[in-house]
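Coordinate inspection notes
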Amino acid sequence: MNPRILVADDNKAFTSQVKENLEAYSFDVQTAHSPDECYLHIAKRPPDLLILDIRFTPHGTEGFDICRTIKSSPKTQAILVVLATIYPDIDCESGLAAGADAFFRTPVDFAALRAHVRTMLQARNSAYEVARLKAEMELSLGFAHDLNNALTVPFFVVDSLSSVKMLKIRKY
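The text that follows walks through the structure, step by step, so that each part is easy to find. (Residues numbered from 1 in each chain as written. Predicted model: local features only at pLDDT ≥ 70, side-chain atom pairs only at ≥ 80, totals over all residues. Heavy atoms only, no water.)

1. Re helix α3 (residues 63–72)
Since the α-helix turns once every 3.6 residues, residues separated by three or four places project in the same direction. Here α3 has its buried residues at Gly63, Phe64, Ile66, Cys67, Ile70 and Lys71. Buried residues of α3 fall within an arc of 160 degrees about the axis and therefore sit on the same side. Where α3 is buried, its residues meet α2 (35–44), β3 (49–53), β4 (55–56), β5 (61–62), β6 (80–85) and α4 (92–97). (Buried < 20%, exposed > 50% of the residue type's maximum accessible area, 1.4 Å probe, protein only. Helix = DSSP H or I, 4+ residues; strand = E, 2+ residues; numbered from the N terminus. Arc of directions from axis to C-beta. Contact = heavy atoms within 4.5 Å.)

2. Quick notes on α2
The complete set of buried residues in α2 reads Pro35, Cys38 and Ile42. Along the long axis of α2, the arc covered by the buried residues comes to 60 degrees, so they all point the same way. α2 presents Asp36, Leu40, Ala43 and Lys44 as exposed residues on the side facing more than 90 degrees away from its buried surface. Its buried side turned inward, α2 meets β1 (4–8), β2 (28–32), β3, β4, β5 and α3.

3. Side note on the pattern of salt bridges
Across all of its chains, the model carries 8 salt bridges by this definition. Arg124 serves as the salt-bridge partner of Asp48, at 3.2 Å between the closest nitrogen and oxygen. With a gap of 76 residues between them, Asp48 in the loop between α2 and β3 and Arg124 in helix α5 (residues 110–171) connect regions that are remote in the sequence. Summarising the burial analysis for this pair, Asp48 and Arg124 share the class buried. The residue Asp89 makes a salt bridge to Arg55 at a minimum N-O spacing of 3.4 Å. Residue Asp89 is located in the loop between β6 and α4, and its partner Arg55 is located in strand β4; the two are separated by 34 residues in the primary sequence. Residue Arg55 is classed as partly exposed on the basis of its relative accessible area, which comes to 24%. Overlapping salt bridges, with partners in common, bring together Glu129, Arg132 and Glu136 in one network. (Salt bridge = Lys/Arg side-chain N within 4 Å of Asp/Glu carboxyl O.)

This is how it looks when you write it as structure tokens:
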């Protein structure tokens, strides 16, 4: 299954360019042009990654607020968020402080964006795989410990009974 990406920006030309560019590399890309539409997409089918405009100009909503909302909910906090802006007065640290995973200035170098998106998704998938393997290992170690305990008790009993029989044999 191809990674799902949601591009949320009030600039329809930008969302169209990003969609076209990423779909050419087998990403499943959806677009949203308002904060409400963004939230509806997330509620309906959460993306793996969200490319989010910092300022939805006609709506008065800040992408920082959307990012904080997404990152504060256990249901959506795993969504990778890439903030994008054309405004030179917005600094990267503000976006990262809001919980974003990356920050881009527009216009975007699409080759760099694709590479960054691919790397972020691979890193997240690797982290999930490490967590899965760790859980499997802990489960296996717990099972091995329980199995060892189950086998140790009968051997102890057998050893103890042998000693008792040997003692009885010696007494006679």
